[in-house]
Amino acid sequence: MTDERFGLDRRVRLTSPLKLDSGASISPIEIAYETHGTLNSDRSNAILVCHALTGDQYVASTHPITGKPGWWSRLIGTDKPIDPADYFIICANVLGSCMGSTGPASANPATGLPYGMSFPVITIRDMVRAQAMLLDYLGVGVLHAVIGGSMGGMQALEWAATYPERVRAAVAIAATAKHSAQNIAFHEVGRQAIMADPKWNGGEYYLTGEAPSAGLAVARMAAHITYLSEAGLTEKFGRRLQAREALSFGFDADFQVESYLRHQGLSFVSRFDANSYLYITRATDYFDLAEEHGGLLANAFRGKKTRFCVISFDSDWLYPTAESRHIVHALNAASAAVSFVEIESPFGHDAFLLDAPEMNRVVHGFLKAVG
Amino acid sequence: MGALRPDLAIIAENVAPGARVLDVGCGDGALMAALRDKKQVEARGIELSRSGVAEAVAKGLSVVQGDADTDLGEYPADSFDYAILSQTLQTTRAPHKVLFELLRIAPHAFVSFPNFAHWRVRLALLWGGRMPMTRALPTAWYETENIHHLTIDDFRAFAAEMGLRIERAWFLTGDRLTSSAAANFRAEQAIFLLGR
């Protein structure tokens, strides 16, 4: 008999109230998720994969809107470093997002209308609490590992800090323990672009049928630059012109890089909700793991048995290696078991989503060795 | 598992079972893996090279990419039973600071290094007039990572100056133990166990 809880395109409604960091509480919540592989008899082989800012639960299966392969299908899948033949793999859309989990575009049960800006402000820890409720529902007590890149790495760290007894190992890739002033600044540019779009309408656009796509596209364009590197952009585009022989002396996308960014912006708006973008960027801006533990990051990890693997990329200037080293420093100070490696890549922050054989090797070896 | 390098084999034999060990400059983690598998040691490592770290982590070891000269300060005092610095002291920028950190982090430290006063080295310099290249020091002066060459007698004096106790010492020629008599002349490398 198949268990309805497991498989692709699952959705669950969790009714017990989720108490949020803001003091508000929310219920019920829906969580959209997918599982791959089989939970073994002693329920010890579960790996939770946490997605990044605009990611989703389609970690290893085709995306229903874009038709693209799963966003981490280089790392997760048959004969990949995280193989469903070995592990029971869970990936859930984060609270506040727009791919099926409760977020600002969802109906507020009190009114029957979309939450819009009445959706409570959430934090990374709130996302993790919602994931913990999902694991309870799935019957997973202790995770073999939690793994994520970027905002997913923040969740992995938050998991280890908040539910250490439920996490044997945590892998944080291209992540940070706090959002820096520069990180917040870039996010604020994106949010202002959305809110400056008249169609945003104070977040009440769901019923008008016209979303603030122009603002959201600009937000995505600005953010996308932070995911790349100067060297990567130069290599990919240089100053090459887009489908023309000469400058237009106008404001068309003369340069390939302009055309590329416009495309990134446009394709993003078809799959993402502007208000979700506001809420999730806010959650990452609020993230400061040390702050949650008396201002000392080491306190977040002290006395915990979780094993950690921290990976950074040398060309990542969004969450640079120094941020990963800061995490490692705190883990060492807390005498936690930690591995750390900086990987060479020209691709900037996005490197963790691309072909990264060294990352794959480290992740595979690390997860295999977790007792 | 392949055989350990001779100096590492001696260190592995002499670490107490179940101890907590920090291996500074752990390479691909061969010693750490042996300590874990044979002595139930809880081992952590620091390694400068990316490839070394990747290999060690793939063995399931807890290794961080880091530099003995800059990153030892982040480990709390007495967080380990032993610190190990094998064939690395002579490559550090500030050996005295590294040694100080090792014995802050742990009450005991194993330190191994090539002996620059071995007779082959002396002869090469005396008769050749060029920086020696020997079995234990196979790299040309312009390529070697060794920036602070030292001898066994230098190390003994150095330990005394730093107020450190030499608890044990082993001397190797090739992969064979050799006596401590005239070790400064006869040994290619030395392994010291230091205490505070």
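Residues numbered from 1 in each chain as written. Chains lettered and ligands numbered in written order. Predicted model: local features only at pLDDT ≥ 70, side-chain atom pairs only at ≥ 80, totals over all residues.

(A) Focus on the overall build of chain B. Along its length, chain B carries eight helices and eight strands. By the compact-globule yardstick of 16 Å for 196 residues, chain B fits well, its C-alpha radius of gyration being 16 Å. Overall, chain B is about 50 × 35 × 30 Å in size when its C-alpha atoms are taken along their principal axes. Here chain B holds 196 residues, and the buried ones make up 45% of them. For chain B, the share of sequence-separated contacts (at least 6 apart) that also reach a separation of at least 24 residues comes to 62%. (Helix = DSSP H or I, 4+ residues; strand = E, 2+ residues; numbered from the N terminus. Rg over C-alpha atoms; globule rule 2.2 N^0.38 Å. Buried ≥ 20, exposed ≤ 12 C-beta atoms within 10 Å, placed from the backbone. Contact = placed C-beta atoms within 7 Å.)

(B) Representation of unusual backbone geometry in the model. Note the cis peptide between S27 of chain A and P28 of chain A, where omega equals -10 degrees. Among the secondary structure elements, P28 of chain A is positioned in the loop between β3 (25-26) and β4 (29-36). Even without glycine at this site, A182 of chain B takes up a positive phi of about 55 degrees. Examined against the element boundaries, A182 of chain B turns out to sit in the loop between β7 (176-178) and α8 (183-186).

(C) Layout of the interface of chain B and chain A. With 15 residues of chain B in contact, the opposing surface of chain A contributes 21 residues. Elements represented by at least two residues in the side of chain B that touches chain A include exactly α3 (50-58) and β3 (62-65) of chain B. Considering each element in turn, the side of chain B that touches chain A owes the most residues, five residues, to α3 of chain B. Across the side of chain B that touches chain A, the residue classes break down as eight nonpolar, four polar and three charged. (Nonpolar A, V, L, I, M, F, W, Y, C, P; charged D, E, K, R; others polar.)

(D) Geometry of the nonpolar core. By size, the foremost hydrophobic cluster in this structure holds 170 residues, and its most contacted members are V49, L157, A170 and V171 of chain A together with V57 and A83 of chain B. Apart from residues lying up to four places away in sequence, A170 of chain A is in contact with A145, V146, A156, L157, W159, A160, T306 and F308 of chain A. (Core = buried A, V, L, I, M, F, W, Y, C linked by C-beta atoms within 7 Å.)

(E) Region of interest: helix α4 (residues 213-227) of chain A. All names here are of chain A. The end-to-end C-alpha distance of α4, which contains 15 residues, comes to 21 Å, matching closely the 21 Å that a straight helix rising 1.5 Å per residue would cover. Taken together, the buried positions of α4 are occupied by G215, L216, A217, V218, A219, R220, M221, A223, T226 and Y227. Those residues of α4 that are buried lie in contact with α3 (181-196), α6 (256-269) and α7 (274-286). (Expected span 1.5 Å × (residues − 1).)

(F) Structural detail: the pairing of strand β5 (residues 46-50) of chain A. Residue and element names in this part refer to chain A. Of all the five residues making up β5, five are buried; the element is thus mostly covered by neighbouring parts of the structure. Side chains of β5 alternate between two faces, with A46, L48 and C50 and I47 and V49 buried alike. One ladder, built from four bridges, connects β5 with strand β6 (residues 88-92); its direction is parallel. Paired with L48 across the two strands is I90, which belongs to β6. Judged from the four bridges that link them, β5 and strand β7 (residues 145-149) form a sheet pairing that is parallel. Paired with L48 across the strands is V146, a residue of β7. (Pairing = 2+ DSSP bridges.)

(G) Fine view of the packing of α3 of chain A against α4 of chain A. Residue and element names in this part refer to chain A. In the contact formed by α3 and α4, the axes pass within 7 Å of each other and the chain directions differ by 165 degrees. Relative to α4, the element α3 lies roughly antiparallel. Viewed along their axes, α3 and α4 form a crossing whose handedness is right-handed. Within the contact between the two elements, α3 uses F186, V189, G190, A193, I194 and A196 and α4 uses G215, L216, V218, A219, A222, A223 and T226. (Axes fitted to C-alpha atoms, helices over the stretch in contact; angles between N-to-C directions. Parallel < 35°, antiparallel > 145°, perpendicular 65-115°, else oblique. Left-handed = near helix turned anticlockwise from the far one by under 90°.)

(H) The environment of S150 of chain A, seen in detail. Residues and elements named next belong to chain A. As for its position among the elements, S150 is in the loop between β7 and α2 (151-162). Taking the C-beta count within 10 Å as the criterion, S150 has 27 such neighbours and is therefore assigned buried. Separated by 134 residues in sequence, S150 and T284 place their C-alpha atoms 9.9 Å apart. Sequence-distant contacts of S150, defined by excluding residues within four places in its chain, comprise A52, L53, A174, A175, Y319, H349 and F352.

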